[in-house]
Amino acid sequence: MAFITGIQVIHAPASALNNAGMQTGSATENAVVVKALRVNGRSYPYVSAQAYRYWLRRTLEQMQPEGWTVAPIFREKKVAYTDANPIEYADDDVFGYMRAPGKSIEAADSRAAFVDATETKETVTRVSPFRVGTLVAMSDGVVQDFGTMSRHEGDPVPHEHQFYRASLKGMFSIDLGRIGVFTYENRTGFLNLDDTRRKLAEARGLVHDEKNRAYRLPDHVRLQRIRALLSAMPVVDGGAKQALHYTDVNPVVVVMAVVRGGNNPFYYAIDGDREGLARPVPEAFQEIGEIWGDQILSPLYIGWVEGYAPEGRRQLEAMRETLQQAYPHGVVLGHPRRVFAQLADELSRHPEWLA
């Protein structure tokens, strides 16, 4: 079992990327607050995993990289679901799904508008091969901003909202062995295919692994989907309040590798300095290589944007020779987008990682 495992940091210079709604009891009775963790009386802003996944899915929809297909969404009252067909749609494959048979007239009408909707007679679910953690600020502090709507006659209408300056860190993982592999085990998360979808898998010529109760797409299709995901992560676009706090949410720092098993050893390789900016922890990088070296299957990929906390990148460049010795497959250091592309190219040379 091989996973692309890592951490990423996004920098929010003055932002409100993920909001929690209205604040009750505010002075203006019209205040929007950011999502934040309270720790020892301090507020640490965060971006939820759900928000980040939404940004990434929208980015993939807009980019339309080779091999990426987007599933239609059906709606009935307060329930929405995709077609739940990972054979046809890459985003159902990568991001997972849960879909139960829709029995209401409203559900039927929604699906009737899409002629290729997949018939569903039993509940199908899929655990997402792409996992992402909450992006949490490495420093505390939230500002309450006051403003008014004044473009009308009469008294101005006051309003408030919160924003912050912070670098936010979170983990991510891609289960390489699960992308493009669909099981039909009768348990939650693993009944990816019902009878209808199994018939489609047979018709499409997917490889049938009877022992593991699974169907497998061709490896070149699986690789296309992984490469599409890796191409979107360094150029992800999204976030709330962009009209007021325009923020580039691309990762400014990324540390990742292909690792045997689903553990993530990299979280403590980066922490925050006195200003809350990312900084490398040399002792952690060294220890990770010594302890986890036998589990790391690829080079260690480190992305660090020039200009962001520049002393951190200089420190990594000075450490490179030492790190090359600690990591069995070496170290690659550069811009995050470049190292994502290099990792994607490395996958093509190691089909065994998809096993």
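Going by an unreviewed UniProt entry, the protein chain carries the name CRISPR-associated autoregulator, Cst2 family and comes from Rhodothermus profundi.

Draft legend 1. The domain arrangement of the protein chain, seen in detail. For the protein chain, the domain assignment lists domain 1 (2–48 + 134–175 + 228–354) and domain 2 (62–130 + 181–216). Of the roughly 680 Å² buried where domain 1 meets domain 2, counting both sides, 72% is carbon and sulfur surface. The largest share of the area that domain 1 buries against domain 2 comes from Asp175, Ala228 and Leu229, three residues that together contribute 50% of it. Along the contact surface separating domain 1 from domain 2 lie zero salt bridges. Seen at the junction of domain 1 and domain 2, the total is one residue pair in polar contact (both at pLDDT 80 or more). Within the residue set of the side of domain 1 that touches domain 2, elements represented by two or more residues are strand S13 (157–175) and helix H5 (219–232). When grouped by side-chain class, the residues that make up the side of domain 1 that touches domain 2 number eight nonpolar, two polar and one charged.

Draft legend 2. Representation of the side chain of Ser43. Here Ser43 shows up in strand S5 (residues 42–47). Among the polar contacts made by the side chain of Ser43, one reaches the side chain of Arg38 at a distance of 2.9 Å. Not counting chain neighbours up to four residues away, the residues in contact with Ser43 comprise Ala36, Leu37, Arg38, Asp140, Gly141 and Val142.

Draft legend 3. Fine view of the packing of aromatic side chains. Summed over the entire model, instances satisfying the criterion amount to eight aromatic pairs. Judged by centre distance (5.3 Å) and plane angle (90°), the rings of Tyr267 and Tyr268 are edge-to-face. A relative accessible area of 26% means that Tyr267 is categorised as partly exposed. Each residue in the set Trp68, Phe95 and Phe130 is aromatic and connected to the rest through ring pairs, giving one cluster. In this arrangement the basic side chain of Lys169 is found over the ring face of Tyr267, its NZ or CZ atom lying 3.8 Å from the centre. One cation-aromatic arrangement involves Arg187 over Phe190; the distance from NZ or CZ to the ring centre is 3.9 Å.

Draft legend 4. Structural context of the layout of surface pockets. Considering only enclosed or pocket space, the largest pocket measures out at about 600 Å³ in volume. Lining the largest pocket are 24 residues, and of these Arg57, Ile73, Ala80, Thr82 and Gly96 lie nearest its centre. Taken together, the elements giving at least two residues each to the lining of the largest pocket come down to helix H1 (49–63), strand S7 (79–82), helix H2 (90–95) and strand S8 (97–99). Here the lining of the largest pocket takes six residues from H1, the largest share from any one element. Across the lining of the largest pocket, the residue classes break down as 12 nonpolar, five polar and seven charged. Taken as a whole, the second largest pocket holds about 220 Å³ of empty space.

Draft legend 5. How the structure looks around the side chain of Ser128. As for its position among the elements, Ser128 is in the loop between strand S9 (124–126) and strand S10 (130–132). Accessibility expressed as a relative area gives 15% for Ser128, which makes it buried. Polar contacts involving the side chain of Ser128 include one to the side chain of Arg53, which spans 3.2 Å. A distance of 2.6 Å separates a polar atom in the side chain of Ser128 from the backbone oxygen of Phe130.

Draft legend 6. Just the pattern of salt bridges, in detail. Considering all chains together, one arrives at 16 salt bridges under this definition. The salt bridge involving Glu306 is made with Arg313; its shortest N-O contact spans 3.4 Å. Take Arg313: its relative accessible area is 12%, and that puts it in the buried class. Each of the salt bridges in this network shares a partner with another, and the network as a whole consists of Glu306, Arg313, Arg314 and Glu317.

Draft legend 7. Up close: unusual backbone geometry. Unlike most non-glycine residues, Ala84 shows phi in positive territory, near 55°. Tracing the backbone through its elements, the reader meets Ala84 in the loop between S7 and H2. One non-glycine residue, Ala309, lies in positive phi territory at about 35°. Along the chain, Ala309 turns up in the loop between strand S20 (300–304) and helix H7 (310–326).

Draft legend 8. Expanded view of the sheet that holds strand S16 (residues 214–216). Pairing in this open sheet of three strands is antiparallel, and the strands run S14-S16-S15 from one edge to the other. Here the strands that pair on one side only, and so sit at the sheet edges, are strand S14 (181–183) and strand S15 (207–209). Between one strand and the next, the sheet's axes are offset by a mean angle of 25°, whatever the strand orientation. Strand direction decides the pairing type here: S15 and S16, joined by three bridges, are antiparallel. Bridge pairing in S16 places Asp209 opposite Ala214.

Draft legend 9. Representation of helix H4 (residues 195–203) in the model. Residues of H4 that are buried: Arg197, Leu200 and Ala201. On an axial view of H4, the arc spanned by its buried residues comes to 100°, and they lie on one face. The exposed residues of H4 that point more than 90 degrees off its buried face are Asp195, Lys199 and Ala203. Looking at the buried side of H4, the elements it contacts are S8, S9 and S16.

Scoring rules and cut-offs
- Residues numbered from 1 in each chain as written.
- Predicted model: local features only at pLDDT ≥ 70, side-chain atom pairs only at ≥ 80, totals over all residues.
- Heavy atoms only, no water.
- Domains from an automatic or database assignment.
- Buried area = accessible area lost by both parts, 1.4 Å probe.
- Salt bridge = Lys/Arg side-chain N within 4 Å of Asp/Glu carboxyl O.
- Polar contact = N/O pair within 3.5 Å; in protein donor to acceptor, adjacent residues only side chain to side chain.
- Helix = DSSP H or I, 4+ residues; strand = E, 2+ residues; numbered from the N terminus.
- Nonpolar A, V, L, I, M, F, W, Y, C, P; charged D, E, K, R; others polar.
- Contact = heavy atoms within 4.5 Å.
- Phe/Tyr/Trp six-rings, centres within 6.5 Å; stacked < 30°, edge-to-face > 60°.
- Buried < 20%, exposed > 50% of the residue type's maximum accessible area, 1.4 Å probe, protein only.
- Lys NZ or Arg CZ within 6 Å of the ring centre and 35° of its normal.
- 1 Å grid on protein atoms, 1.4 Å probe; cavity = no way out; pocket = protein on both sides within 12 Å on 5 of 7 lines; lining within 4 Å.
- Points joined across faces, edges and corners; volume = space filled by probe spheres on them.
- Pairing = 2+ DSSP bridges.
- Axes fitted to C-alpha atoms, helices over the stretch in contact; angles between N-to-C directions.
- Arc of directions from axis to C-beta.

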